[in-house]
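A structural walkthrough
The chain contents come next:
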Amino acid sequence: MKIAILAHANHPIQEPYAGGLEMITALIVKALRKEGHQVDLFALGSSARNLAPVALNDPNYIWDLAELGTEAFNMNVASYYSLAFLKIKDGNYDLVHNNSLHYLPIILGNSLDIPFLTSFHTPMFPEISYALNALRSPQQYFSAVSKSLCKLYAEFGKCDVVYNGIDIDKWEFANNPSDYYFWYGRICPEKGTHTAIEAATKLGKKIYLAGPKSNMEYYINEVAPLINNQNVVYLGHLNQVEVNQWLKNARAMLFTSTWDEPYGLTIAESLASGTPVVSWNKGAAPEILTNKTGRVVAPFNMLEFQNALIEIEKLDRRDCRRRAIEFCSVEKMVNGYLDLYTRMLKPKNSLNLQEVC
């Protein structure tokens with residue numbers, strides 16, 4: 001197949017990844033090419049060269065909301081997606097996989113006469129609902145990264161679940177942890193960084209933190225005052241290899257997202273490293289974790305969270321690794337998309353998308 005993958009306009013697809021979406025986009029491109037498909041990645045020009053992106057802007061151009069201002073940034077984003085569709089229409093593709101999280105591609109997808117798949121990685125923002133209400137093309141299809149997320153889009157039709165995946169081989173397994181906890185992700189209110197620190201310190205445990213300071217006000221007011229470089233240590237924004245070294249040796253990974261996380265890639269990465277996870281019972285966490293690999297506790301019940309951290313020390317870390325291989329691999333994810341692509345390309349009267357919502 002000849003496939004166009006459309007990345008979003010917010011960040012380049014390169015390490016250290018700004019978030020899970022950038023990593024997933026890179027993995028899909030690499031895995032599909034490995035399977036022998038011709039794949040063009042439409043992305044910012046500053047994306048990783050080994051992904052051979054079809055640049056939708058000058059890589060030296062300033063692409064920053066804070067510097068440009070909202071109006072200028074939005075005009076650039078509109079130009080980005082408009083240029084993408086001009087190139088796609090001239091590209092003789094079999095299908096398009098929209099991984100952008102933006103509403104404009106959904107609207108512009110009405111103009112294509114080839115299958116157009118949009119993968120949902122987040123809850124429905126108002127702009128997305130407006131775009132979905134404007135759907136006219138029978139060639140538009142949808143997937144979501146978890147059952148819990150798919151249910152949010154049920155009113156707009158059928159949706160296939162294709163769980164996210166990670167490159168298991170890039171995550172080293174360790175069976176003899178050190179005596180500390182680990183938390184990583186974007187440091188912002190919705191990730192609940194401060195609650196992870198609270199849980200660890202109340203148990204008298206050391207905790208290491210890693211990730212970009214996505215919300216500086218939150219970091220300064222809620223997180224920085226708790227960092228003492230003895231029991232609470234911030235390691236900075238680490239790349240994948242660096243994260244793995246800290247993650248695989250942790251007794252537990254604390255997953256403290258305060259919102260309904262659509263998937264939770266850090267959970268999958270932790271399991272691949274052999275590290276059990278304690279999470280609030282929100283979003284997709286209960287779809288990924290089992291009783292052998294972690295605990296899912298009532299949202300914001302700190303006592304229950306702390307008790308779970310004590311309980312999971314008895315778990316067999318090899319079960320975590322097995323769960324990652326069986327449920328969280330990039331191969332499983334890509335096979336899910338390939339199955340969906342194949343059904344999208346069948347004659348319309350033979351297509352029967354699975355109703356999962």
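In case you missed it, the structure is sitting above this.
Read on for an overview of the structure. (Residues numbered from 1 in each chain as written. Predicted model: local features only at pLDDT ≥ 70, side-chain atom pairs only at ≥ 80, totals over all residues. Heavy atoms only, no water.)

Turning our attention to the sheet that holds strand β9 (residues 206-210). Paired through their backbone hydrogen bonds, the strands of a sheet run either parallel or antiparallel. The sheet built from six strands is open, its strands ordered β10-β9-β8-β11-β12-β13 with parallel pairing. Since the sheet does not close on itself, it has two edges, and those belong to β10 (232-234) and β13 (294-297), each with one partner. For this sheet, the mean angle separating the axes of adjacent strands, direction not counted, is 20°. When strand β8 (residues 180-184) meets β9, the two strands line up parallel, connected through five bridges. Each residue of the ladder has a partner; that of Trp 183, found in β9, is Leu 209. (Pairing = 2+ DSSP bridges. Helix = DSSP H or I, 4+ residues; strand = E, 2+ residues; numbered from the N terminus. Axes fitted to C-alpha atoms, helices over the stretch in contact; angles between N-to-C directions.)

Let us now look at the packing of helix α10 (residues 265-272) against helix α13 (residues 317-327). As a packed pair, α10 and α13 sit with axes 7 Å apart at the nearest point and diverge in direction by 125°. Here α10 is positioned oblique relative to α13, judged by the angle of their axes. Contacts between α10 and α13 involve Ala 268, Leu 271 and Ala 272 from the former and Cys 320, Arg 321, Arg 323 and Ala 324 from the latter. Taken together, the residues of the contact of α10 with α13 sort by class into five nonpolar, no polar and two charged. (Parallel < 35°, antiparallel > 145°, perpendicular 65-115°, else oblique. Contact = heavy atoms within 4.5 Å. Nonpolar A, V, L, I, M, F, W, Y, C, P; charged D, E, K, R; others polar.)

The α-helix winds at 3.6 residues per turn, so residues separated by three or four positions along the chain end up facing the same way. Residues Tyr 218, Tyr 219 and Val 223 constitute the buried set of helix α8 (residues 216-223). Angularly, the buried residues of α8 cover 100° about the axis, an arc narrow enough to put them on a single face. Contact partners of the buried residues in α8: α7 (193-202), β9 and β10. Capping the start of α8, Asn 215 holds a side-chain oxygen 3.3 Å from the backbone nitrogen of Glu 217, two or three residues further along. (Buried < 20%, exposed > 50% of the residue type's maximum accessible area, 1.4 Å probe, protein only. Arc of directions from axis to C-beta. Polar contact = N/O pair within 3.5 Å; in protein donor to acceptor, adjacent residues only side chain to side chain.)

Turning to the pairing of β9, a few remarks are in order. Walk down a regular strand and you will see the side chains alternate between the two sheet faces. Taken across its five residues, β9 has four buried, putting it largely inside the fold. Here three bridges tie β9 to β10, and the two strands are oriented parallel to one another. Paired with Ile 207 across the strands is Val 232, a residue of β10. A crossover connection joins β9 to the parallel β10 through α8; in handedness this β-α-β unit is right-handed. (Right-handed = clockwise from strand over helix to strand, strands pointing away.)

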